[in-house]
Number of protein chains: 4
Amino acid sequence: MLIVMKKGSTGEDLARVVRSVEDLGFRAHVIPGAERTAVGVTGNAAPLDPGVFEGLPGVAQAIPVSRPWKLAGREFRPEDTRIRLGGRTIGGGDLFVIAGPCAVENEEQVLSVAQLVRAAGADALRGGAYKPRSSPHSFQGLGREGLEMLARAREATGLPIVTEAVDEDSLDLVERHADVIQIGARNMQNYALLRRAGRAKKPIFLKRGMSATLEDLLLSAEYVMNEGNSDVILCERGIRTFSRHSRYTLDLSIVPALRDASHLPVFVDPSHATGLRDRVAPMARAAVAAGADGVMLEVHTAPEHALSDGRQALLPAAFRELIVQLRELAVIVARRTEAVR
Amino acid sequence: MLIVMKKGSTGEDLARVVRSVEDLGFRAHVIPGAERTAVGVTGNAAPLDPGVFEGLPGVAQAIPVSRPWKLAGREFRPEDTRIRLGGRTIGGGDLFVIAGPCAVENEEQVLSVAQLVRAAGADALRGGAYKPRSSPHSFQGLGREGLEMLARAREATGLPIVTEAVDEDSLDLVERHADVIQIGARNMQNYALLRRAGRAKKPIFLKRGMSATLEDLLLSAEYVMNEGNSDVILCERGIRTFSRHSRYTLDLSIVPALRDASHLPVFVDPSHATGLRDRVAPMARAAVAAGADGVMLEVHTAPEHALSDGRQALLPAAFRELIVQLRELAVIVARRTEAVR
Amino acid sequence: MLIVMKKGSTGEDLARVVRSVEDLGFRAHVIPGAERTAVGVTGNAAPLDPGVFEGLPGVAQAIPVSRPWKLAGREFRPEDTRIRLGGRTIGGGDLFVIAGPCAVENEEQVLSVAQLVRAAGADALRGGAYKPRSSPHSFQGLGREGLEMLARAREATGLPIVTEAVDEDSLDLVERHADVIQIGARNMQNYALLRRAGRAKKPIFLKRGMSATLEDLLLSAEYVMNEGNSDVILCERGIRTFSRHSRYTLDLSIVPALRDASHLPVFVDPSHATGLRDRVAPMARAAVAAGADGVMLEVHTAPEHALSDGRQALLPAAFRELIVQLRELAVIVARRTEAVR
Amino acid sequence: MLIVMKKGSTGEDLARVVRSVEDLGFRAHVIPGAERTAVGVTGNAAPLDPGVFEGLPGVAQAIPVSRPWKLAGREFRPEDTRIRLGGRTIGGGDLFVIAGPCAVENEEQVLSVAQLVRAAGADALRGGAYKPRSSPHSFQGLGREGLEMLARAREATGLPIVTEAVDEDSLDLVERHADVIQIGARNMQNYALLRRAGRAKKPIFLKRGMSATLEDLLLSAEYVMNEGNSDVILCERGIRTFSRHSRYTLDLSIVPALRDASHLPVFVDPSHATGLRDRVAPMARAAVAAGADGVMLEVHTAPEHALSDGRQALLPAAFRELIVQLRELAVIVARRTEAVR
């Protein structure tokens, strides 16, 4: 249920609505909007009667919401969610580029890549300190030490840091050291971790699981938002299909579908999806052309020595050329008049 | 085996190579190139000994080819295949746009859409006279009558015609009336039809089957080319996956993969893939950004009345806006320096 | 629309119903049943009014059928379709085993395998004379000569022959020489071939395409039945998924789903699905346990020399052991009381 | 690396081998066998030189293992892992049946289902106290209270309890109250949880993720085993594919593939895979026929009132009939002579 307040409604009206929702044993989520405030109701197993709320002072309309996600849905919040980060805005129409190495390997590597991507025009630095690896025998990341290297790279370059948390312990540390907390594809349905992320004070970068539907992804965002953290960024990174020419199949048509169903920003990670350096640039361009709010790219100054996934990292010159193209494409795409929704 | 001739080799040298291939019981395919001529050898079950040919006059090199496709492969022909059509070139770097209704319904409809897409800047007209439908109880197309309507639309607008053949009989008629013969996704492994297409004198527009791998698609092109028709255009139109937000999952990363593996032009059909009008424009832009040589789009002047697939046809205004954007994007993409191969 | 006749209705009543259907421009399919006759109506684009037929003498009920398939559906024909072949019955509750080599290679091979499978207790002989191969450069089968070898193996052993037709020409020959005409997975949506099969006087063994849904498969059966041939056998042979431990993913849960939706017999081919000899026996047992009416198995007396797919052919001893187990399992499964529908 | 000890080797020899492995900075896993002891080495990034160990007293052979999983692999331990539970043996050749409600709802429900499944011949009781649900707004289970109800049902019936842990906190409680700790499909790559499970003193029932390959599943088992818990049971529960007639596609061919690659017991859960009561019995039979060591089934005495997934729970009479059939099928399957490996 979404309760939309009238334009001239007062703070008292709003408080009364929230109280009446809570008196029924449900949860009220106040959603401020440019034009009018709304209150999302969650926790009700069965549909509610709109009449209960439409009689209250200041209420314009009570709309039953049928989709299983609520807080993440456009019905709840028609305007795009915007997230300020490092002086720029995610979801505000400008393309946001996150770039960096797959894994943090040592201080020198992080710093050199950070300076490279900053000079090329990236908006944030990525780099894994905790690596969720299929095998327990593979390199699992530098952990806290890696986080500290990332923090020093931020000091040196001014770039905000996006890095992954793989469990509740690492999330505590990532929240302390980084600017955006990434939840990886393998943890997209790790609900304990999502709930913990929902209590964090930093934005969450949520990657789509490799067999997650659009609905699954939005419901995982819902887990985060239901705990009070509404700054969630969704990221397509490829799904598992029979197709073998690419590591995963990048499902770019989810970009317009997500923008239709949700107000949350949508990113694409073409590096992990394709797994091949030569395919990253075309798919990054395609992501922007499909309307993505941003891309996450792997860049390496010496990919032949990278400890993990080196074959997919862009080389410096290719990255510099690509970022220029992406910003040019974004300008053309922004001119579209077709309804996003 | 690919036999590459020396730059200064003579026609006599070439004839001698061809004869020696045929004397061994194999097939020789002469592949003229801008710089030098090559001869593809097919029909050999086991690998051949390069020494047999390298001793002949005029032969620069004999290269064993390990990939299962030969004629369709870059090894056989490093330069992009270019196909002239209606005064323009497919595969030559310029974006080629094929547009029109899903099915031919009546003369007035075809003509009005043809004039619309021509005015908007399309390069060719599409329209189905034969519709392969999952159910025998669905509308199967107007057949020969539909072909004649398309031919009259060509006379009126000058646009070349691309239309589907569904069996050997319809292929005879399509070859006579149209400019490009489309083989649909369901017939991608109908080898009798592919062989017949290989004997046609018109280019073949070959759609990827909904569960075909890159290898399957190139081997189907190989069936056509093996009969002597080297003008094959490949088209991605979506694959079957678990993902349900889109009718099929448009696998755009096959575009750079195909351009890497093959010299044939690569198109994308976002209309059938998405099945929803609002998703067509973003995915068409993404296709161009991924490096496609062209797109095939469904356009309808009155989609609410369309006999088949009306929900996916672009409306006139949206099409006009889209084609302008696509051509702008193509210019940016063309500036890329990353190796296509 | 399905028109069910009353128990005591006359032939004249039936003829009148058929005439009135045809007068409306539709097609009437008389479906004799053990208890009562029904008339299926096809060719109507929009739903029909039951009242039109319920007023006619001898008509018990006119039932609108909403599923897209009609002739293949349980609504049209509640009793299982039974097909007599070589003195046995397919679909009648007894397990029917079709076995033989992947491809016909020479007379001696066919005969020796035929005698082997007959001695082991198989009900029919399979063997490909026409092989639809992904590559035009692969062995394509012995053609007519292979059919004649199969026919001689039938004379020698009494086993009926199941073999594939790949186009209309080969279908003519297969219809003449064989007892059951197989349509392969790649041709499951080759509608011209399906229509030709519908005019054949022999049963059709229709394999599921590797990305076909249950609905697609039944609609392809519908193409055959719509031309008058109601003896269609459905066969699951594996679908394309991300899973790589098996060549295709055998989707056994389609067996009870098909038996629920359709009256046609359902077979399973575990040989092509798994592609590995060691996996064939477990999956054949699983197919029978899931309720399949029969299985199609590849057997070879010298699989190390087989020209195609030798790695998946069962060796003689394994086949003899398997067929005994399958018949024992079938007895247990037949005792089930859960509703098939 | 797998170091195989000689038959007459001493405990001292073994200790020396372990020490020399640890001195190199790697981990040694002693694997006792019926005939001879082996030592698995993990933690080495690069292949080791067999000569280093083959020179030590008591060492028969040092075998480099190329597959990415080690502890879970057949190479490491040729004999099947057997796990004693409630007086019966999992993996020892007898079929092991786990049955019960999807979710624990109340004491009466658990007890009545427990008595029902015990009377019918089940070997263990399942029931979810913690339910990982896609939506935060869905019923999440009774938690600790549910565990206590399960424990009381064990007291009343003697059946061991299998129940899911969804995070580290619930795993602590599940370890205390239950006999087998289930890790669900969504947590199959939650490595923190897997490591915690590896430190538990109870067997782990590990469900395959819905897009996990065979390799992914075995590597997740490896995470558990690498912490010292070698009692891992693998469970197929359906994968995500395009196929829509079933909730997930039950990939039964992974059963023989897993038994070939690993020594761990393999179960199948047909209830969640199919999602439809009528499909559970055929697929349970198929699982046993494919060689599964056991099945996990949902049973409900009043499924029309079940709080979650009621449509897939077997009714009492159907369950009683099914379990008899499954045990009969298992006897036939056990007689097979084809090599499991």
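Cut-off values and rules
Residues numbered from 1 in each chain as written. Chains lettered and ligands numbered in written order. Predicted model: local features only at pLDDT ≥ 70, side-chain atom pairs only at ≥ 80, totals over all residues. Heavy atoms only, no water. Patch = residues over 30% accessible without salt bridge, like charges linked within 9 Å, V, L, I, M, F, W, Y side chains within 5 Å. Areas by Shrake-Rupley, 256 points an atom, 1.4 Å probe, with all protein chains shown as cover. Salt bridge = Lys/Arg side-chain N within 4 Å of Asp/Glu carboxyl O. Lys, Arg positive; Asp, Glu negative; His and termini not counted. Charge placed at Lys NZ, Arg CZ, Asp CG, Glu CD. Helix = DSSP H or I, 4+ residues; strand = E, 2+ residues; numbered from the N terminus. Buried < 20%, exposed > 50% of the residue type's maximum accessible area, 1.4 Å probe, protein only. Contact = heavy atoms within 4.5 Å. Buried area = accessible area lost by both parts, 1.4 Å probe. Polar contact = N/O pair within 3.5 Å; in protein donor to acceptor, adjacent residues only side chain to side chain. Nonpolar A, V, L, I, M, F, W, Y, C, P; charged D, E, K, R; others polar. Least-squares fit on C-alpha atoms with pLDDT ≥ 70 in both. Axes fitted to C-alpha atoms, helices over the stretch in contact; angles between N-to-C directions. Parallel < 35°, antiparallel > 145°, perpendicular 65-115°, else oblique. Left-handed = near helix turned anticlockwise from the far one by under 90°. Pairing = 2+ DSSP bridges. Right-handed = clockwise from strand over helix to strand, strands pointing away. Phe/Tyr/Trp six-rings, centres within 6.5 Å; stacked < 30°, edge-to-face > 60°. Lys NZ or Arg CZ within 6 Å of the ring centre and 35° of its normal. pLDDT = per-residue confidence, 0-100. Expected span 1.5 Å × (residues − 1). Arc of directions from axis to C-beta.

**Student:** Give a detailed account of a negative patch on the surface, specifying residues and quantitative values.
**Tutor:** Taken together, the side chains of E168 and D169 of chain A together with E168 and D169 of chain D make up a negatively charged region of the molecular surface. Those elements that provide at least two residues to the negative patch are α5 (168-177) of chain A together with α5 (168-177) of chain D. Take D169 of chain D: it is sitting in helix α5. The class for D169 of chain D is exposed, based on a relative accessible area of 60%.

**Student:** Hey, could you go over the interface of chain C and chain D for me, with residue numbers and the actual values?
**Tutor:** The interface of chain C with chain D comprises 40 residues on the first partner and 40 residues on the second. Taken together, both faces of the contact between chain C and chain D bury some 3500 Å²; the carbon and sulfur share is 60%. The largest share of the area that chain C buries against chain D comes from F242, H245 and I332 of chain C, three residues that together contribute 18% of it. If you look at where chain C meets chain D, you find two salt bridges. Inspection of the chain C/chain D interface yields 12 residue pairs in polar contact (both at pLDDT 80 or more). Among the secondary structure elements, those contributing two or more residues to the side of chain C that touches chain D are α8 (254-261), α10 (277-289) and α11 (316-334) of chain C. The element best represented in the side of chain C that touches chain D is α10 of chain C, accounting for seven residues. Here the residues of the side of chain C that touches chain D are counted per class, giving 19 nonpolar, 10 polar and 11 charged.

**Student:** An account of the relation of the copies chain C and chain D is needed here, citing residue identities and associated values.
**Tutor:** Least-squares fitting of chain C to chain D yields an RMSD of 0.1 Å, with the transformation described by 0.0 Å of translation along the axis and a rotation of 180 degrees. Read as a symmetry element, the transformation amounts to a two-fold axis. The C-alpha atom lying nearest the rotation axis in chain C is that of A286 of chain C; the distance is 2.0 Å.

**Student:** Can you explain the packing of helix α6 (residues 191-198) of chain D against helix α7 (residues 214-226) of chain D? Please cite residues and give values.
**Tutor:** All names here are of chain D. Packing of α6 against α7 brings their axes to within 6 Å, and their N-to-C directions diverge by 45 degrees. The angle between the axes of α6 and α7 places the two elements in the oblique class. α7 is crossed by α6, and the crossing has right-handed handedness. Where α6 abuts α7, its residues Y191, L194, R195, A197 and G198 lie against S220, Y223 and V224.

**Student:** A description of the environment of S253 of chain B should follow, citing residues and the corresponding values.
**Tutor:** Along the chain, S253 of chain B falls in the loop between β12 (232-236) and α8 (254-261). For the pair S253 of chain B and E236 of chain B, spaced 17 residues apart in the sequence, the C-alpha separation amounts to 9.8 Å.

**Student:** Run through the sheet that holds strand β2 (residues 27-31) of chain D, naming residues and quoting values.
**Tutor:** All names here are of chain D. Strands sit in the order β2-β3-β1-β4 across an open sheet of four strands; the sheet is antiparallel. Lying at the two open borders of the sheet, with one neighbouring strand each, are β2 and β4 (59-63). Adjacent strand axes in the sheet meet at a mean angle of 20 degrees, parallel and antiparallel pairs treated alike. Relative to strand β3 (residues 38-42), strand β1 (residues 2-5) is paired through three bridges, and the arrangement is antiparallel. Counted as the bridge partner of V4 is A38 from β3.

**Student:** Please set out the interface of chain B and chain A residue by residue, giving values where relevant.
**Tutor:** Each partner contributes residues to the interface: chain B has 40 residues there, and chain A has 40 residues. Summed over both partners, the interface of chain B with chain A buries about 3500 Å², with 60% contributed by carbon and sulfur atoms. Three residues stand out in chain B for area buried against chain A, namely F242, H245 and I332 of chain B, and they jointly supply 18% of the buried area on that side. Across the contact surface, chain B and chain A share two salt bridges. Taking the shortest distance from any N to any O, the salt bridge between R279 of chain B and D260 of chain A comes out at 3.2 Å. Our count for the chain B to chain A interface comes out at 12 residue pairs in polar contact (both at pLDDT 80 or more). Elements supplying a minimum of two residues to the side of chain B that touches chain A: α8, α10 (277-289) and α11 (316-334) of chain B. Among the elements that make up the side of chain B that touches chain A, the one with the highest residue count is α10 of chain B (seven residues). Residues that form the side of chain B that touches chain A fall into these classes: 19 nonpolar, 10 polar and 11 charged.

**Student:** Which residues make up the relation of the copies chain B and chain A, and what are the values?
**Tutor:** When chain B is fitted onto chain A, the two copies agree to an RMSD of 0.1 Å after a turn of 180 degrees and an axial shift of 0.0 Å. The residues that chain B uses at the interface reappear at the interface of chain A in 100% of cases, marking a shared surface.

**Student:** Hey, could you go over the pairing of strand β9 (residues 161-164) of chain C for me, with residue numbers and the actual values?
**Tutor:** Looking along a regular strand, one sees side chains alternate from face to face of the sheet. Residues and elements named next belong to chain C. With burial as the criterion, each face of β9 is covered, one bearing I161 and T163 and the other bearing V162 and E164. One crossover worth recording links strand β8 (residues 124-126) to the parallel β9 by way of helix α4 (residues 144-157), and it is right-handed. Pairing between β9 and strand β10 (residues 180-183): three bridges, direction parallel. Following the sheet pairing, E164 is matched in β10 by Q182. This β-α-β element, β9 to helix α5 (residues 168-177) to β10, shows right-handed connectivity.

**Student:** Can you lay out the pattern of salt bridges for me, pointing to particular residues and giving the numbers?
**Tutor:** Residue and element names in this part refer to chain A. Tallying each qualifying case throughout the model produces 72 salt bridges over all chains. The residue E298 makes a salt bridge to R126 at a minimum N-O spacing of 4.0 Å. One end of the pair, E298, is in strand β14 (residues 294-298); the other, R126, is in strand β8 (residues 124-126), and 172 residues separate them in sequence. We note that E298, like R126, is buried. Bridged by salt links that share partners, the residues R74, D80, R259 and D293 form one connected network.

**Student:** I'd love a proper account of the packing of aromatic side chains, names of residues and values included.
**Tutor:** Counted by the stated rule, this structure contains 12 aromatic pairs over all chains. Considering the side-chain rings of Y191 of chain A and Y223 of chain A, the 4.3 Å spacing of their centres and the 15 degrees angle between planes classify their relative orientation as stacked. In this pair, Y191 of chain A sits in helix α6 (residues 191-198) while Y223 of chain A sits in helix α7 (residues 214-226), placing the two residues 32 residues apart along the sequence. According to the relative accessible area criterion, Y191 of chain A is buried, its value standing at 6%. An aromatic cluster is built from F96, F205 and F267 of chain A, whose rings are joined through pairwise contacts. The ring of Y248 of chain B is capped by R237 of chain B, whose NZ or CZ atom sits 4.3 Å from the centre of that ring.

**Student:** So what's going on with the sheet that holds strand β8 (residues 124-126) of chain B? Residues and values would help.
**Tutor:** Residue and element names in this part refer to chain B. Taken in spatial order, the eight strands of this closed barrel run β7-β8-β9-β10-β11-β12-β13-β14, and their pairing is parallel. This sheet shows a mean twist of 25 degrees between the axes of neighbouring strands, independent of strand direction. Two elements, strand β13 (residues 266-268) and strand β14 (residues 294-298), share two bridges in a ladder whose sense is parallel. Its bridge partner lying in β14, V268 is registered against V295. Set on the sheet, α8 makes contact with β12 and β13; between it and β13 the angle comes to about 165 degrees.

**Student:** Please give an account of the pairing of strand β9 (residues 161-164) of chain B that cites residues and values.
**Tutor:** Pairing of β8 of chain B with β9 of chain B involves two bridges; the strand directions are parallel. Bridge pairing in β9 of chain B links R126 of chain B to V162 of chain B.

**Student:** So what's going on with the confidence of the model for chain A? Residues and values would help.
**Tutor:** In the predicted model, chain A carries a mean pLDDT of 91, and the fraction of residues at 70 or more is 95%. We note a pTM of 0.88 for the whole complex and an ipTM of 0.86 for its interfaces.

**Student:** Could you give me a rundown of the packing of helix α10 (residues 277-289) of chain A against helix α11 (residues 316-334) of chain A, with the residues and numbers involved?
**Tutor:** The geometry of a pair of packed helices is captured by two quantities: the angle between their axes and the separation between those axes. Residues and elements named next belong to chain A. Two elements in contact, α10 and α11, have axes separated by 9 Å at closest approach and are oriented at 20 degrees. Relative to α11, α10 is oriented roughly parallel. Considering only the axes of α10 and α11, their crossing is right-handed. Where α10 approaches α11, its residues A281, A284, R285, V288 and A289 are matched on the opposing element by L322, Q325, L326, L329, A330 and V333. Across the contact of α10 with α11, the residue classes tally to nine nonpolar, one polar and one charged.

**Student:** So what's going on with helix α3 (residues 107-120) of chain C? Residues and values would help.
**Tutor:** Residue and element names in this part refer to chain C. Over its 14 residues, α3 extends 20 Å from the first C-alpha to the last, a length consistent with the 20 Å expected when each residue adds 1.5 Å. Q109, V110, V113, A114, L116, V117 and A120 are the residues of α3 that are buried. For α3, the angular spread of buried residues about the axis comes to 165 degrees, placing them on one side. Away from its buried face by more than 90 degrees, α3 exposes E108 and A119.

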